[in-house]
Amino acid sequence: MYRYFTLFSLFSILVFLISAATTASPVAVEAPPVHRALVIGIGNYNKLPSLSNPINDAKDMAAILKKIGFEVTLKLNISERVLKNAIQDFGSLLQKDDVALFYYSGYALQFNNRNYLIPKKADLEFEEDIDYDSIKTHFILEKMTNRQGINIMIFDACRDTQSKIKNLKKGLAEIKSEANFLIAYAAPLNQISYDNSKQRNSLYTQYLLAALRDDYKVSMNFLDIVKEVTEQVRKKTGKIPWRTSTLKNRFCLSTCRARWLPLNMSEDLRICEEHFQANRLVTGKGGVALTCYEGILRKDPKNIKALAGLKKIEDKYAAWIENALRYREKDKAKRYLANLRIVNSKSKKLAEFEKKLGLGLEKSANEGSDTFVDGQVFRDPLKNGSEGPEMVLIPGGSFRMGDIQGNGYSNENPVQRVSVNRFAMGRYEVTIKEFAPFVRAKKYKTDAQKGDGCWVDRNHDGFWEKVKNASWLQAHLFQKGDYPVVCISWNDAVAYANWLSQQTGQQYRLPTEVEWEYAARAKTTASRYWGNNPDNACHYANVHDKTSQEKNRFQWKNHNCTDEYATTAPVGHFKSNAFGLFDMLGNVWEWTCSEYSNRYNGKEKQCAGDHSMEARVIRGGAWNYEPGNVRAAFRNRISPDERGNDTGFRLVRKVFSK
């Protein structure tokens, strides 16, 4: 009886709950944060000289913010009452987590250390008119404060009002805010901005619009965008626009982009043996025995089986050379000899085989002889008796350059077939220990050391700042001699290449953008030289992975793998691509010698002039980059004197064509 009663009771309760759920009022669901913007442009004044830029500035800013995803209110040439009402309405719409952006282009003035926006009908003849006819910036601040959301205020209003009121100061005074504010002016404190009346937009807004129209730049930390705009204005005018930020976290206007897996040694050795048995010794798809054994020795330098594996590869090439010589297959013997040199450049059998072939590869490499074999690794001697960086001869060929997969950015187009002559490229990114002799010999000071330092992510939270004492010697990262040198500008890299050319008698330089992508792809057509899956990166590249996610506070997506490095890694630690080049993706950005353009137009095939101040292309992504941007086709650009602790370089060297 009790059993049946219990089941009936449970059934009754269940029916009641279902009924209640269907009749009860729906649970309130909190709306997601909204991006809202109030954009003001005033150019036609009743009592002040007209301004040509503000109306265009406001219209263009409203259009691009709408495209990005903001709900935009645009007001043009409005009176004091309409402006005040617009600000009040804007404030009343803001929910606690909304992103609020206020943009103003027009006249403003500073009186008694307070800033005022000047509406269309303002009649500012006397001091008492200021409070009556103008709007305090503090009024806008109040409407945006006391929320958890992001607040951005941009004032392109540092114009000369030519007012005769006494006690007015030029430009704008500092605005102090609470947390989660970013405030930016078009000019320094207490200074007027640069007149750009002959252009559609004011100078500051022109640069800001260009950044926001960039397909991938809108996914950068917005503070970094403001910093870049500031730097562009500085270069144009010599003035540094003021900004202040109390943002606690990285913020993007759009969705933020931004060694080997630890296997046990027996599994590693099994894979190496598979490569060896399949004769994938130095080149081959899916990995090669040489790189495999070298990877084990980096983890365990005294591993007997890995050392024996290298000896087996050396012996196999020696046997193949002997066999090729026996059948008078001289070209084949040369190819095997080049690979033997890659495996062991100090092999005792090298001199014997060179003599039998009637050549000396050390000499012929320096002279550019046609006996220089594709895939050969060599180092040019320097005048001081040391050797230059390891170089790999890259065979000539043609390839499809750009967004082959069709899911990249607009600046990776048009996809084009490009031909490349053979050249030699650095096997690794230039290291600290390779850069140091140049600095000592030339008593060279890098741009970071001569200027105001280097951009670093000092707190590892995605917020970059220019640190005065940061340079290649102190990059605010863990670095040793075999790590890539960073905080290097384009100018610094070119200076090193010129010095290396003088020391060796050869022609060293940065790669063109075409050469870089050809070398990075290594005759593959996938988005990355290991394939299309970004989560396989940790076998081949140092990227923003699980290790980085644990130790850094980046807000963007990480690769779903583990490479064991939170920042930079020693060069050559990961698997190479099919050309024998290491770290072509990830680790640090690499300079090219090519000027940047929004679409391919021929600049990618040539080097910019040394004195050109146009932006240069950097390639490859870096240790802090997310999956979508560590690709062979991905392009970025910075000015030639810019430097960051995620940017380094590698060189190419001219060789004679076969």
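Just above sits the structure.
Our subject in this report is the structure included herewith.

Criteria and cut-off values
Residues numbered from 1 in each chain as written. Predicted model: local features only at pLDDT ≥ 70, side-chain atom pairs only at ≥ 80, totals over all residues. Heavy atoms only, no water. Helix = DSSP H or I, 4+ residues; strand = E, 2+ residues; numbered from the N terminus. Polar contact = N/O pair within 3.5 Å; in protein donor to acceptor, adjacent residues only side chain to side chain. Contact = heavy atoms within 4.5 Å. Disulfide = S-S within 2.5 Å. Buried < 20%, exposed > 50% of the residue type's maximum accessible area, 1.4 Å probe, protein only.

Moving on: unusual backbone geometry. Residue N413 is joined to P414 through a cis peptide bond whose omega torsion reads -5 degrees. Secondary-structure assignment places P414 in the loop between β13 (397–401) and β14 (416–420). For N77, which is not a glycine, the phi torsion comes out positive at approximately 50 degrees. Following the sequence through the fold, N77 ends up in the loop between β2 (71–76) and α3 (80–93). Of note in this structure, K443 is not a glycine but carries a positive phi near 50 degrees. When you line up the elements, K443 lands in the loop between α14 (432–442) and α15 (447–450).

Take the side chain of E513 next. Here E513 lies in helix α17 (residues 513–521). A distance of 2.5 Å separates the side chain of E513 from the side chain of R635, its partner in a polar contact. Contact partners of E513, with chain neighbours within four places excluded, come to M401, T592, S594, Y600, E604, V617, R619 and R635.

Let's shift gears to the state of the cysteines. Evaluation of the coordinates by the stated rule reveals four disulfides. Here C454 engages in a disulfide with C487; their sulfurs sit 2.2 Å apart. Looking along the S-S bond of the C454-C487 disulfide, the torsion reads about -85 degrees, which is the left-handed sense. Within this pair, whereas C454 is found in strand β16 (residues 454–456), its partner C487 is found in the loop between β17 (465–467) and α16 (490–504), the two being separated by 33 residues in sequence. A relative accessible area of 0% places C454 in the buried class.

Everything listed here is a matter of geometry and, on its own, says nothing about what the molecule does.
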